[in-house]
Amino acid sequence: MTATSELPHRLREALIAADFTVDAVARLLGATAHSALARNQTAPGLRRTTDGSPLATLTRLFLLQTAVPRAAADLALPGLVDRLAVDGLLETTVGEVRARLDCRPYAAPDASGEHDFWVVSDLTPGLDGTPNRVTSDHVLGISSASTSLAQLTIRDDVTSALDLGTGCGVQALHLATHAGRVVATDVNPRALRLARLNAALNDLPSIEVRDGSYFDPVRGEQFDLIATNPPFVISPGTGERLVYRDSGLPGDRVVEDIVRAAPRHLTPGGWCQVLANWVIKEGTPWDERLAGWLEPPAGEPGLACDAFVVQREVVDPAAYVELWLADEGAPGTPEYLRRYDTWLSWFADQGIEGVGFGWINLRRRPEEAPGTPTLRLEKWPYDVEQPIAAAISGWGHAIDDLAAIDDESLLDVRLRRRPDVRQETVGEPGAADPEAIVLRQQRGFRRGHAADTVTAALVGASDGDLTLGQIVDALGELLDEDPVALRETYLPVARDLVAGGYLEV
Ligand SMILES: C[S@@+](CC[C@H](N)C(=O)[O-])C[C@H]1O[C@@H](n2cnc3c(N)ncnc32)[C@H](O)[C@@H]1O
């Protein structure tokens, strides 16, 4: 289906008329069938979709991947069935119609507000225990990685945004809700076609899909926001290359290359947000290795970026190999054990002792505040509040505030405790003093900060009324401590608490 034809618009009209929305499908399926489908099981859903309504027919066709009677398909997609068959979305046989591509409603799980989209992609493989086999040019639908990036992406209104490795274009759809124009790149011709189709189906002419590798199609251009879920799987490259997950580059080079190239494609103050895997090398701390990627290009200090890297999980080599062999449906095949062994021995040869999963957020230093960039590389494997995007941009604001204030002036600042911070104490029942105090955020990263009594009291007193200097001095008097020493100790603590999101300037 060409995105410029009127067909996407007619399909959109049919989907609207059928009420083919996330909520309506969820109501039709009910909780049990909905959860079963999330586990790739269709039997409960098939029992719930027998009324022949357009909504039930579309659900059976695309989500449950079952054949529907031609008459039901004609009712759901009036006048479109043959056209959609010619264009490869459907397949017709005598009296029956099947889907050849997936087409499903999708509600944005992010801070961009209420947006209902439809997304066309390749069919979900592996329903009802069938082998999870895909072709090398498979175009993923909405995966958990897509959702993770969508929730990470900062949704401020911007002029321009770039989706690198767009696939079916799901990130571009999100970006189009808050960017004046969106460029989406990919090298897979099928992905390019589906991304264009999805832009047209969702009536988003601000999305421009360009053919080419990574930043090649945007040479010399800059964007306010770059969001990318690149093909980051770290493998020996001995299996068939699946373009949606294998970059063809060694190790984690694809992520390193993107991180190193991104500053040149960011406007001052612009963000690049990358969902990534990275190698954990024997004998090298993960954060030291990644920090090496974050240095500004030599001789171009104007391209310096702040960076906030979060390592969400570390997976050992065996678990990693199993994950991706299962993703391509290899378990049970004759070559499974050999491939597993080859991958493991390649990891061992490379000195790879694990793989980190996480988020890399770069922000080009704003023009008005070139200064030294701030790097924060943090392990945070715990549950966070989703969408996490607001906490990432909050960090950007916090470091700007801190950069603008030297220590002397910080003492004159009225800090305010973030309203969701709570104090947890641990100790023997009835004891006068706690053994440990933790300041815990209820929102965002939901971080915890082990605090001594002065820190806890400082945070407690920071309600925007007294300055930091006044609070520290009052605590010095109360605890009979030297005020000068106390200021010296607690100024860096206060900075840390602002950067960590416990206190706000
Ligand atoms: C993991 S998928 C991400 C798809 C989609 N953006 C999402 O978030 O679900 C990675 C995408 O990168 C594309 N890709 C692979 N190699 C590429 C390259 N050299 N340049 C641009 N895109 C590439 C793949 O075709 C695939 O669509």
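Everything discussed here concerns the structure shown above.
Reference entry: report on the structure contained in this document. Keep in mind the model is a prediction, meaning the values are calculated, not measured.

Moving on to the environment of Val158. One can find Val158 in strand β6 (residues 158-164). Not counting chain neighbours up to four residues away, the residues in contact with Val158 comprise His178, Ala179, Gly180, Asp224 and Leu225.

Our next topic: the site of the ligand. In the neighbourhood of the ligand, 17 residues make up the surrounding shell, with Ser146, Gly165, Asp186, Ser213 and Tyr214 lying closest. Within the side chain of Gln171, a nitrogen or oxygen atom sits 2.9 Å from an oxygen atom of the ligand. Computed on the free molecule, the ligand has an accessible area of 590 Å², of which 95% lies beneath the protein chains in the complex. Along the lines of polarity and charge, the residues of the shell around the ligand split into six nonpolar, nine polar and two charged.

Spatially, β8-β7-β6-β9-β10-β12-β11-β13 is the arrangement adopted by the eight strands of the open sheet, whose pairing is mixed. Both outer strands of the open sheet, β8 (207-211) and β13 (375-379), are each paired with one neighbouring strand and no more. Mean inter-strand twist for the sheet, computed between neighbouring axes without regard to direction, equals 20°. Sheet topology places strand β7 (residues 179-186) next to β8; five bridges connect them, and they run parallel. Across the sheet, Val183 pairs through a bridge with Glu208, a residue of β8. Seen against the sheet, helix α9 (residues 189-201) touches β7 and β8 and runs at an angle of roughly 170° to β8.

The next thing to look at is the side chain of Asn277. Assignment of secondary structure puts Asn277 in strand β10 (residues 266-281). There is a polar contact of 2.7 Å between the side chain of Asn277 and the side chain of Tyr320. Among residues more than four places away in sequence, those in contact with Asn277 are Phe232, Ile234, Asp252, Val255, Tyr320, Trp324, Val355, Gly356 and Phe357.

Quick notes on the rules
- Residues numbered from 1 in each chain as written.
- Predicted model: local features only at pLDDT ≥ 70, side-chain atom pairs only at ≥ 80, totals over all residues.
- Heavy atoms only, no water.
- Helix = DSSP H or I, 4+ residues; strand = E, 2+ residues; numbered from the N terminus.
- Contact = heavy atoms within 4.5 Å.
- Near = heavy atom within 4 Å.
- Polar contact = N/O pair within 3.5 Å; in protein donor to acceptor, adjacent residues only side chain to side chain.
- Areas by Shrake-Rupley, 256 points an atom, 1.4 Å probe, with all protein chains shown as cover.
- Nonpolar A, V, L, I, M, F, W, Y, C, P; charged D, E, K, R; others polar.
- Pairing = 2+ DSSP bridges.
- Axes fitted to C-alpha atoms, helices over the stretch in contact; angles between N-to-C directions.

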